[in-house]
Amino acid sequence: MELTKKILDEMAAVDVRTVDISTLTDLRDIEINTSLPVKEKLEVFARQTNNVYVNRIGDYVVKVKFQENGASINDKMSEYLRRLSESRI
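Once a new chain begins, its residue numbering starts again from 1 and follows that chain's sequence as written. With pLDDT at 70 or above as the cut-off, local features in this predicted model cover only qualifying residues; side-chain atom pairs require 80 or more to be listed or tallied, and sums for whole chains, interfaces and linings still use all residues. Water and hydrogen atoms play no part in the side-chain values, which are based on all heavy atoms of the structure.

A. Highlighting the overall build of the protein chain. By the criteria applied, helices consist of DSSP H or I runs no shorter than four residues and strands consist of E runs no shorter than two, each listed in order from the N terminus. When its secondary structure is counted, the protein chain shows three helices and two strands. Ordering the α and β elements of the protein chain from the N terminus gives α-α-β-β-α. By principal-axis analysis of the C-alpha atoms, the protein chain measures approximately 45 × 35 × 25 Å. Each residue is assigned to one of three classes by its accessible area relative to the maximum for its type, calculated with a 1.4 Å probe on protein chains only: buried under 20%, partly exposed between the two thresholds, exposed over 50%. Put simply, the protein chain has 89 residues, and 16% of those count as buried. Nonlocal contacts in the protein chain, meaning residues at least 24 apart in sequence, comprise 56% of its contacts between residues at least 6 apart. Areas reported here follow the Shrake-Rupley algorithm with a probe of radius 1.4 Å; residue values treat only the protein chains shown as occluding. As displayed, the protein chain has an accessible area near 7,400 Å², and 53% of this comes from carbon and sulfur atoms. Of note, the protein chain has its 14 positive side-chain charges centred 4 Å away from the centre of its 15 negative side-chain charges. Residues count as neighbours in contact if any of their non-hydrogen atoms are within 4.5 Å of one another. For the purpose of charge, His is not counted, nor are the chain termini; Lys and Arg are scored as positive and Asp and Glu as negative. For this purpose, a charge sits on NZ of Lys, CZ of Arg, CG of Asp or CD of Glu.

B. Summary view of the nonpolar core. By nonpolar core we mean a set of buried residues, namely Ala, Val, Leu, Ile, Met, Phe, Trp, Tyr and Cys, connected to one another through side-chain atoms within 4.5 Å. Core analysis: the largest hydrophobic core is formed by seven residues, namely Met-11, Leu-24, Ile-30, Phe-45, Val-52, Tyr-53 and Val-54. Residues contacting Val-54, with those up to four places away along its chain left out, are Met-11, Val-14, Val-16, Leu-24, Val-61, Val-62 and Lys-63.

C. Examining the side chain of Asn-51 more closely. Residue position: Asn-51 is located in the loop between helix 2 (38-48) and strand 1 (54-57). Under the relative-accessibility criterion, Asn-51 is labelled buried at 7%. Counted as a polar contact is a pair of N or O atoms within 3.5 Å, where, for protein atoms, one must be capable of donating a hydrogen and the other of accepting one, and residues adjacent in sequence contribute only when both atoms are in side chains. A polar contact of 3.2 Å, which involves the side chain of Asn-51, links it to the backbone oxygen of Met-11. Of note is the side chain of Asn-51, whose polar atom sits 3.0 Å from the backbone nitrogen of Val-54. Apart from the residues within four sequence positions on either side, Asn-51 is in contact with Met-11 and Val-14.

D. Region of interest: the side chain of Asn-55. By the secondary structure assignment, Asn-55 is in strand 1. Taking relative accessible area as the criterion, Asn-55 reaches 3% and is therefore assigned buried. Separated by 2.4 Å, the side chains of Asn-55 and Thr-49 make a polar contact. Here the side chain of Asn-55 touches Asn-51 through a polar contact of 3.0 Å, landing on its backbone oxygen.

Below, the structure written as structure tokens:
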């Protein structure tokens, strides 16, 4: 399936509060060769998921937003883990 702007807009518009979790792809089931260039990794990811923006990890719904500039996913995960550890002190 070709991901047109219309399809991507519809995927991005999914409301995480009302989505049927059973329709979402579990991110733990997605396999991507990390040595591929970014564009190819995104294509592999898109082929393995029902929605490139909204997925799940177990019983948790996860919504991502892609941006050209800004912090990387690694930066954001590091920040999240740091805040999580600080909140437990």
